[in-house]
Amino acid sequence: MRHVLTSEAVAHAWAHQTQDQARNAKGSVFFRLDCIYSYGEHFCIARHVTSTSGKQAVLFTTKSYSVTTSAHCGMVRSAASHLTRFDVANVFAKIKGEHEGNLGDYAKRINAYLLKSTRARTDFNKGWTHKEAVELRQEAIAYAQFFRVPYAKTLPAVPALGSATLAKIKAAEDKRVAAERKRVLAESREAIAQWRAGEYARLPHGLADMLRISKDGQSVETSRGVSFPISHAKRGLALVRAVRERGQEWKTNGHTCALGHYRIDSIQPDGTVRAGCHTVKFSEIERVSAAIDAAPSVLESLETQQA
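All figures in this text were calculated on a predicted structure; none of them were measured in a lab. (Residues numbered from 1 in each chain as written. Predicted model: local features only at pLDDT ≥ 70, side-chain atom pairs only at ≥ 80, totals over all residues. Heavy atoms only, no water.)

## Let's talk about the pairing of strand 6 (residues 85–88)
We apply this condition: In this description, strands pair whenever DSSP reports at least two bridges between them. Here a strand is any run of E in DSSP of at least two residues, a helix any run of H or I of at least four, and the numbering for each starts at the N terminus.
Taken together, the four bridges between strand 5 (residues 56–61) and strand 6 define a ladder with parallel strand orientation. Each bridged residue has a counterpart across the sheet, and for Leu59 the counterpart in strand 6 is Phe86.

In structure tokens:
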């Protein structure tokens, strides 16, 4: 029996348990008995398990992985597609407490999908993430039944899409997020003041995006480390004001408003600007609007440079 196979053959040999071990030529994917690994025993992709009643399944890791390990994982998923699969945090779970830990992780992922559903902007995304929550809960129940572990008190219910219960979940999460932002803001006042004054400051994650004028007055700088010419900001500010006056959302579809190397993606009726990873509220834009208004336009800047 050959023990050095192609990567795909290793995955299939493991999935069908036709032999007790095998590896590819580089040793980057291999298995011994019930576990298959990527680049070493520190990363078990999946493990065969058997229930007390003799049923078989595969525990597949939910851990993040590199590009190459991701390819190994996809290959193993394909080879084991005929088997019952549970995606879990701990593929080595064997005792009740460890299985309960995996159920707790299922609960976190279900709640995460529910929150995504409440935040989704389109009906399609709302429906898709809600469906993911439903299906993940079904998988979690099957896992609990497979290992005969109680689940009623661990797994959250999945309210109907558009229900009042789902709205309450969103309200509770919004309240929690607002409280966390308030706490971070209170703890960061000194750093914020230092940054607004033009100095370097270590700003924590979770703060709303901020703007300031560079020390030489030539650029607008963001708290995420991006800068663009103040002359471009002048054009962007005019667009924001026009959107607020019209009271209609502006999107970049067929239109472009460049800010240096970047561009505005959308502007909400209230003046909130979204550009890439940035979301800047109008109140923040107003902080620097006077300096932007006083700055020369793009054409005036070019004329000055040519002169």
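## Focus on the sheet that holds strand 7 (residues 211–213)
Put simply, the test is: The angle between two axes is taken between their N-to-C directions and runs from 0 to 180 degrees, where each axis is a line fitted to C-alpha atoms and a helix contributes only its stretch in contact.
With respect to topology, three strands assemble into an open sheet ordered 7-8-9, the strand pairing being antiparallel. Either end of the sheet is taken by a strand with one partner, and the two such strands are strand 7 and strand 9 (227–229). Neighbour-to-neighbour, the strand axes of the sheet open up by a mean angle of 25°, direction not taken into account. Inspection of the sheet shows strand 7 paired to strand 8 (residues 219–222) by three bridges, in the antiparallel sense.

## Observations concerning the packing of aromatic side chains
For clarity, the cut-off: Pairing of aromatic rings covers Phe, Tyr and Trp, the last counted by its six-membered ring, and requires centre-to-centre distances within 6.5 Å; plane angles under 30 degrees mean stacked, over 60 mean edge-to-face, and any other angle means tilted. Only when the NZ atom of a Lys or the CZ atom of an Arg is both within 6 Å of the ring centre and within 35 degrees of the ring normal do we say a charge sits over the ring.
In this structure the tally under the stated criterion is seven aromatic pairs. For the ring pair Phe86 and Tyr143, a centre distance of 5.5 Å and an interplane angle of 85° mean the geometry is edge-to-face. Of this pair, Phe86 sits in strand 6 while Tyr143 sits in helix 4 (residues 123–147); the two residues are 57 residues apart in sequence, bridging distant segments of the chain. By the ring-pair criterion, three or more aromatic residues cluster together here, those being Phe86, Tyr106, Tyr143, Phe146 and Phe147. Between the NZ or CZ atom of Arg109 and the centre of the ring of Tyr106, over which it lies, the distance is 4.5 Å. Arg244 extends its terminal NZ or CZ atom over the ring of Phe282, reaching a point 3.9 Å from the ring centre.

## Observations regarding the sheet that holds strand 2 (residues 29–32)
For the record, the criterion: It only takes one pair of heavy atoms within 4.5 Å for two residues to be counted as in contact.
Strand order across the open sheet formed by six strands is 1-2-3-4-5-6, with mixed pairing between neighbours. Each edge of the sheet is formed by a strand with only one pairing partner; in this case those strands are strand 1 (21–23) and strand 6. Strand after strand, the sheet turns through a mean of 15° between neighbouring axes, direction not considered. Looking at chain direction, strand 2 and strand 3 (residues 35–38) are connected through four bridges and run antiparallel. Bridge pairing links Phe30 to Tyr37 in strand 3. Against the sheet, helix 1 (residues 7–16) contacts strand 1, strand 2, strand 3, strand 4 (44–50) and strand 5, and its axis sits at roughly 20° relative to strand 2.

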